[in-house]
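# Architecture and fold: a report
Below are the chains, spelled out letter by letter.
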Amino acid sequence: MKPARGKTPKKKGNSTQQDPVEVYCRIRPAGNPEDDTCIKVLSETTVQLLPTDGATVRNGQVKEFQYKFQHVFDEYTSQKAIYDYVALPMVEDLLHGKNGLLFTYGITSSGKTYTMTGTPQDQGILPRCLDVIFNSINELQVKKYVFRPDKMNGFEVQSEADAMIERQRREILPGLITPKTPTPATPKPPKFGEQARLRDMCKVDDIEEDNNYCVFVSYIEIYNNYVFDLLEELHYDPITGYRPPQSKILRTDNTENMYVHNCVEVEIKSPEEAFEVMYKGQKRRKVAHTALNAESSRSHSVFNIRLVQAPLDPRGEEVLQDPERVCISQLSLVDLAGSERSKRTDNMGDRLKEAGNINQSLMVLRTCIETLRENQKNNTNKMVPYRDSKVTHLFKNYFDGDGKVRMIVCVNPRSQEYEETIHVMKFAEMTQEVMVARATQVRFDIGLTPGRRKLHQQYKDAVAANEVAALPVVPSLVYSLGPSFPPMELLHSSDDKTLRILEDFLNDRCNRRHTLNTDFNKKEEEFRARLVEMEREYYRLTSKNEQLMKDVEKKEKDMSKNESKVRVLERKHEEFTKYIQTLERENSIMSLKLEDKNWKINLEKTERERMKHDFKTRLEMNNYAWEKNMDKAKQRITQKADERIHEREQKIQALKKIVNTPQRPTPAPKPRATPSSLYGARSETDVSNIGFGSRVTRQSAIPSAKSMHNLNQAGSSNIRPSSVRGGASHNTRYHRRSKSSSNAEVWLDHQPKNPIPLGTVMQPKMRKKRSVTKLEIKDTKDVSKYCLTHQEPDSSDEVVTKLYKGDVIPTAGGGTAVVFKDVETLKQTSPGNRRKRRSSCPQPVDFNGDWTDTEARCSYGIEGHAKRTKASIV
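Quick look at the structure, then. (Residues numbered from 1 in each chain as written. Predicted model: local features only at pLDDT ≥ 70, side-chain atom pairs only at ≥ 80, totals over all residues. Heavy atoms only, no water.)

With respect to the secondary-structure elements, glutamate 824 resides in strand β30 (residues 816-828). Accessibility expressed as a relative area gives 5% for glutamate 824, which makes it buried. There is a polar contact of 2.7 Å between the side chain of glutamate 824 and the side chain of lysine 805. (Helix = DSSP H or I, 4+ residues; strand = E, 2+ residues; numbered from the N terminus. Buried < 20%, exposed > 50% of the residue type's maximum accessible area, 1.4 Å probe, protein only. Polar contact = N/O pair within 3.5 Å; in protein donor to acceptor, adjacent residues only side chain to side chain.)

So, in structure tokens, the structure goes:
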């Protein structure tokens, strides 16, 4: 049998009866009670916006704005109260065949998704709508696949036999043909429908009982102005994986209703199935983390609930196979993404693009509302730009009178949201001025006998009762006076037989009459006793009911008192919480101060210990230096005394020779020694084990030992000692300590970031220098010399310091260039790791094998005799 195709009835409203768009306001609870708020509830229908310190003022005046709504829900209003006031009337209209649109509007992080969805323990509008719908039609649902979507916004109607065949084909046969391979059970996370939740037990009573009902749901999202189906099965490719979902298009059916083409509609039979479908769609919904919300919706979501109902046939057994009698009603629950400013969310890349598309779609919605209001006020016929956005294009039928429209404005009370909250309030105020045509009442009376379902059920119960074995019947008295009268005709005057028969019959009838009267009186007494008992029970129940009513009123009063006490305790709890937080902050501040003081005390103790240790070390070094200086002074005094004694002895010996030796002619003077014979050529000298184990390798011109010996052997006319106390003076022409010690040169000393201190005796000496760790162009402007210090370990893990020296030359292009000319190597070694070499320098006659003074050793190694205080070359 070919199924009949049902059409969605066009429920255009009557232009003479119009209702405004109902707008409600819900204030989100503040995350921190100490934060400043910008909104205040004045009454159940009025709120007031309080400007903040940084609010924009006009003409030097700060204004306070008041806005009116259908109803205002403060931060203490429960989810149940909001549902009963806003969504429950729309569910009743849905069961009566009317359409409805409910959407939440507000800025980001204002509680729109929580109002629409909620949590399993505190459900929002969407789960409660599903609970109430199935509570109302639980026993009136049609079997699965009787109604079937035709992919063109309509439904096909088929018989229960065809529906049973389709159930077998879709649900039973696939499992029998392709049995699943048993796999070990793995624990799965609980789904949304399986979690412990508080179900709403409310139901709608005044529904048509002679109709069969069926519920279909669909879940879509509008992301970047593209429509995506959240329930569509994604195709899997073994190579590329799951294919990305394809965007859907919007179309109009034969009654000019907008719908999403090829959108998946799932038939559900319980709220748990609906929650599984909703959870499946929510996992694929676009959410992201922003600076204002941890899980910010990046798309507009639409959850459609379509209720299909059709009357029963005259027997009350199956759905009437008439497509014209099928009624389809729809309730759209829309969670709009929140408007946001990029400078506050710091969005970049995809987040910035998503925010732009969200703000653009909300701007188109605002423009459509403004155009509708202007057309209704000025009686104009301007074109409403529904097609500029998918959101307005999809729901254009509702604003044209295809159902009731309600909006919940969610507000974040934080003072930082003041500027954006003003725009939201202005949009809400403008939306309330738009009038929508009222939908006509749908009539289900088609001329058939009412109560067909109950009659059919009674008939089925009676048939089932006849099929059950008969139960034993308790005998009861039959009210009858017996058979009819016998023949009373007398044949002759002595016919006594007829009279006796008539007499016996009358006596039997009198007995029967007496028995029946007795039984009747007995039953009458029993009936009266039962009536009395029923009256007593009625009076007892009435008194009990009155007592229960009193108890209920008393409990309600106690409950109201307890609620007031709870509110008072909650306020006290909040005050104590704030006080505890204040104490905790003070405690943390005092702890930080205490830690700071302890740290300063420990630092001062450490500094004192260090200064004490430094003072002790300096004292020891000074004592050692004084002892060493005293030893040197003692040695100098002793040496001077010895020299004086030796000089006196030489004078005495000379006088003795002059006295005792006869006079001879004076010989010719010897040629004076030249500097080239006295001093050696430029040579490389390696001075080892000089003070703290240092070795310096460098190119310099120094006097040789041989030349100094020749100089000592020359006559007194060539070298004239200026003082008997000291030795030869230092020659600055042929020996200098470092090549970088020039007075007119400015050096650029390029040091590493963390240099190792040089412990060598020979140190680079640069009088005018500029030290840097990072070389820049400006550093080479006013310098003439450049020195690069490089430190690295050698093969024996000893630190080697190399000094690369060069001249800084200006270039023709205005820059500078460095020409390297010299490399100095400074190396510090441990005296214990080197083998002692015998010095090649001449040793004095009185040398005892122990060098105690570095200066004396250098004098013997270079000049061949102990150092004198002054010497000059004549």
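Still to come is the rest of the account.
Below, the discussion takes up the environment of leucine 803. Here leucine 803 lies in strand β29 (residues 799-810). The exposure class assigned to leucine 803 is buried, which follows from its relative accessible area of 3%. Separated by 17 residues in sequence, leucine 803 and tyrosine 786 place their C-alpha atoms 9.8 Å apart. Beyond its immediate sequence surroundings of up to four residues, leucine 803 is in contact with Pro764, Cys787, Leu788, Thr789, Asp822, Val823, Glu824 and Leu826. (Contact = heavy atoms within 4.5 Å.)

Read across the sheet, three strands follow the order β4-β5-β6 without closing on themselves; strand pairing throughout is antiparallel. This sheet does not close on itself; its edge strands, each paired only once, are β4 (39-41) and β6 (65-68). Strand-to-strand twist in this sheet, taken as the mean axis angle between neighbours without regard to direction, amounts to 25 degrees. Sheet contacts for helix α10 (residues 418-431): β4, β5 (46-49) and β6; angle to β6, the most-contacted strand, approximately 40 degrees. (Pairing = 2+ DSSP bridges. Axes fitted to C-alpha atoms, helices over the stretch in contact; angles between N-to-C directions.)

Ranked by internal contacts, the top residues of the largest apolar core, which has 53 residues, are Phe69, Leu336, Phe395, Met407 and Met425. Once residues within four sequence positions are removed from consideration, phenylalanine 69 is found in contact with Val23, Tyr24, Cys25, Thr45, Val47, Met425, Ala428 and Gln432. If you look at the next biggest cluster of nonpolar residues, it comprises 42 residues, including Val132, Leu140, Met278 and Ile305. (Core = buried A, V, L, I, M, F, W, Y, C linked by side-chain atoms within 4.5 Å.)

Here we take up the packing of helix α3 (residues 125-136) against helix α5 (residues 271-283). Orientation of α3 relative to α5, taken along the N-to-C sense of each, is 150 degrees, at an axis distance of 9 Å. Classed by the angle they form, the pair α3 and α5 counts as roughly antiparallel. The chirality of how α3 crosses α5 is right-handed. Of α5, the residues touching α3 (which contributes Leu126, Pro127, Leu130, Asp131 and Phe134) are Pro271, Ala274, Phe275 and Met278. Here the residues of the contact of α3 with α5 sort into eight nonpolar, no polar and one charged. (Parallel < 35°, antiparallel > 145°, perpendicular 65-115°, else oblique. Left-handed = near helix turned anticlockwise from the far one by under 90°. Nonpolar A, V, L, I, M, F, W, Y, C, P; charged D, E, K, R; others polar.)

Summarising burial for strand β8 (residues 100-105): six of the six residues are buried, a large majority. With burial as the criterion, each face of β8 is covered, one bearing Gly100, Leu102 and Thr104 and the other bearing Leu101, Phe103 and Tyr105. Pairing of β8 with strand β21 (residues 327-335) involves five bridges; the strand directions are parallel. Bridge pairing links leucine 101 to serine 332 in β21. One ladder, built from six bridges, connects β8 with strand β22 (residues 404-411); its direction is parallel.

A word on the pairing of strand β20 (residues 300-311). The buried fraction of β20 amounts to twelve of the twelve residues, a majority that puts the element mostly inside the structure. Residues His300, Val302, Asn304, Arg306, Val308 and Ala310 point to one face of β20 and Ser301, Phe303, Ile305, Leu307, Gln309 and Pro311 to the other, with burial holding for every one of them. Sheet topology places strand β11 (residues 211-223) next to β20; twelve bridges connect them, and they run antiparallel. Bridge pairing in β20 places asparagine 212 opposite alanine 310. Across nine bridges, the pairing between β20 and β21 is antiparallel. Bridge pairing in β21 links arginine 306 to glutamine 330.

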